[in-house]
Amino acid sequence: MLNSGKWIDLQEGDWHYYFCGFFWLGSKKYDGVEALNLLKDKNAKSLENLLRSVDGNFCMLVIGNGRVVLAVDRLRSIPLFYFIDKSDVYVSDDGWWIIQQSSLSEIDAEAALEYLATGYVTGSGTLIKGLMQVQAGEIVEITDEGGELQLKSVRYYMFRHDVVVNKRQRELEAELLEVLDRVFSRLVTDLGGRTAIIPLSGGRDSRLIATMLKRYNYENVICFSYGLPNNQESLVSRQVAECLGYKWLFVPYSNEKWKNWYHSEDFISYARFCNSFASIPHLQDWPAVRELHLHQLIPTDSVFLPGHSGDFLAGSHVTQIYQKLGRVSGIENLVKAILDFHYILCKYSNESRGIFAERIKADLPSNKVQSFDELCDLFELWDWQECQAKFIVNSVRVYEFWGYDWRIPLWDNQLIDFFSGVPLKLRLEKKLYDPLVDRVYRASCNERANIHDVSSIKRLIKRFPALYRFLSAAKSSIRARDLKAIYESHPLGFYGIWDFSEFKKVFIGNNGVVNAMVAIDQLEEIRSALGDG
């Protein structure tokens, strides 16, 4: 059963075709029946070749002649779940529906541990034993072979840096701008005059989106920010919006407001809407979108344009690995990097760490890591298919819940393919990306002065290891002495989702505590719903 009202279906004889979303092939956009007509009658190889060529956000299902085929886009932006029960196959975009229709009821203990440590479940499994998810860039084919169901998986796309170009930085900057021009020219066409809503932070990614829309003279734009009044991110956000001449809205947060929002019927419904046993619900801008919607501050046909995940493509994550570990290699260092970067929401035992390490290795296409370049390539591959596709991109469910459309322009295939060929030396510290974003921004608003970038300040500190270690130690000491002040002063105010007495029990010294609290609550909700104490 496909629950989203956006699915289009087509039946021809014994074949049933289902499609949700859209894609571009060349200069033409396909959705609805047009997309189905292009996808139908494809054998496995021709479908694989076609999906390699298209660019968009979609998922599809084909049923007929003892064959079930499921596929999602490069980002898994519209999830699909399935369960094979002897001779029956259950498929849905809602994992809850499959559970209700089947015999599934048991929580996977290892997956639950991972969910608490990261906020999502890696690999093709989920929190529920037997409930599977189609992974980013994957085609799953289930066939009836003489009464026995056989499963075949093909990854038609994987985010790798296999072929790196050998060009100077200035040449690559010019190429990147050309790619951005193609991406945003197409986006402006796709928007078709609808209001573009930009969650404008203090960083470069959302600023780039706003800047490129200005570059293409797209005026129907509203930017918004949120958090405690006068927090640094919102101050930068307002400055950028005003510089570009765009309307700017601010939604104030506080601990008390978060307490009310988090325990409201709206949030309970939202968490159920987006939690299909693979990732926690996105929290950060849910109240902001709620307030914009309830107070009718944005048009009903608005399109949200979040800044995911330009910084990742440009090299921010591997930069942090380099700063912490140096130019290391080897599978154990790769696993350590992934564990230290992603498995950070809670404390766990050495035994659990060993379980996570084995799950990480099982997800990698190779355990041979002979250079730092290879380590970074495999780290970003894991990050793309696990954190980005399941956790970060899941945030678009916020917009869907309130009835809005969305696009993720910085995950356009053209940008993905471009950065796949950028040498590591120009991805470290985002040496290619940041200067170009700054240059295009200044050109668009005729401003020479620098605007402080919150993430840049953090990275600058980390470039000096001694200073970074000193500040980190001082920060830990302050947290130990004055945890109450931390609880009350987070710039987004969202520690208020729990009472302070509960907050103290899970705080381990990083901002991941909010996701930790959500993961704990969601796991308890799932256990309760399943009757699994």
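Participant: What is the right way to read the packing of aromatic side chains from this model?
Facilitator: Think of a pair of aromatic rings as described by two things: how far the centres are apart, and how the planes are tilted against each other in angle. Taken as a whole and assessed by the stated rule, the structure comprises 42 aromatic pairs. On the basis of an interplanar angle of 80° and a centroid distance of 6.1 Å, the ring pair of Phe224 and Phe304 is categorised as edge-to-face. Here Phe224 is found in strand S12 (residues 221–227), whereas its partner Phe304 is found in strand S14 (residues 303–304), with 80 residues between them in sequence. Of the two residues, Phe224 and Phe304, both sit in the buried class.

Participant: Is there a simple way to think about the pattern of salt bridges in this case?
Facilitator: Where charged atoms from two side chains of opposite charge approach closely, those side chains can pair. Counted by the stated rule, this structure contains 38 salt bridges. The salt bridge partner of Arg407 is Asp190, with a shortest N-O separation of 2.7 Å. Linking Arg407 in the loop between strand S15 (405–406) and helix H17 (413–420) with Asp190 in helix H5 (residues 169–191), this pair joins segments that are 217 residues apart in sequence. Judged by relative accessible area, which is 8%, Arg407 ranks as buried. Asp190 gets classed as buried once you look at its relative accessible area, which sits at 12%. When the shortest N-O distance is used, the salt bridge between Glu219 and Lys214 registers 3.6 Å. Residue classification places Glu219 among the partly exposed residues on the basis of a relative accessible area of 47%. Residues participating in the shared-partner salt-bridge network are Lys29, Asp190, Arg194, Asp405 and Arg407.

Participant: For this particular structure, what's the right way to read the packing of helix H4 (residues 109–118) against helix H24 (residues 513–530)?
Facilitator: Geometrically, a packed helix pair is captured by the angle between its two axes and the distance between the axes. The interhelical angle for the contact between H4 and H24, taken along N-to-C directions, is 150°, at an axis separation of 7 Å. If you check the angle between H4 and H24, you find them roughly antiparallel. Note on element contacts: H24 touches H4 through Ala519, Ile520, Gln522 and Leu523, opposite Ala112, Tyr115 and Leu116. Per-class residue counts for the contact of H4 with H24 are 6 nonpolar, 1 polar and no charged.

Procedures and definitions
- Residues numbered from 1 in each chain as written.
- Predicted model: local features only at pLDDT ≥ 70, side-chain atom pairs only at ≥ 80, totals over all residues.
- Heavy atoms only, no water.
- Phe/Tyr/Trp six-rings, centres within 6.5 Å; stacked < 30°, edge-to-face > 60°.
- Helix = DSSP H or I, 4+ residues; strand = E, 2+ residues; numbered from the N terminus.
- Buried < 20%, exposed > 50% of the residue type's maximum accessible area, 1.4 Å probe, protein only.
- Salt bridge = Lys/Arg side-chain N within 4 Å of Asp/Glu carboxyl O.
- Axes fitted to C-alpha atoms, helices over the stretch in contact; angles between N-to-C directions.
- Parallel < 35°, antiparallel > 145°, perpendicular 65-115°, else oblique.
- Contact = heavy atoms within 4.5 Å.
- Nonpolar A, V, L, I, M, F, W, Y, C, P; charged D, E, K, R; others polar.

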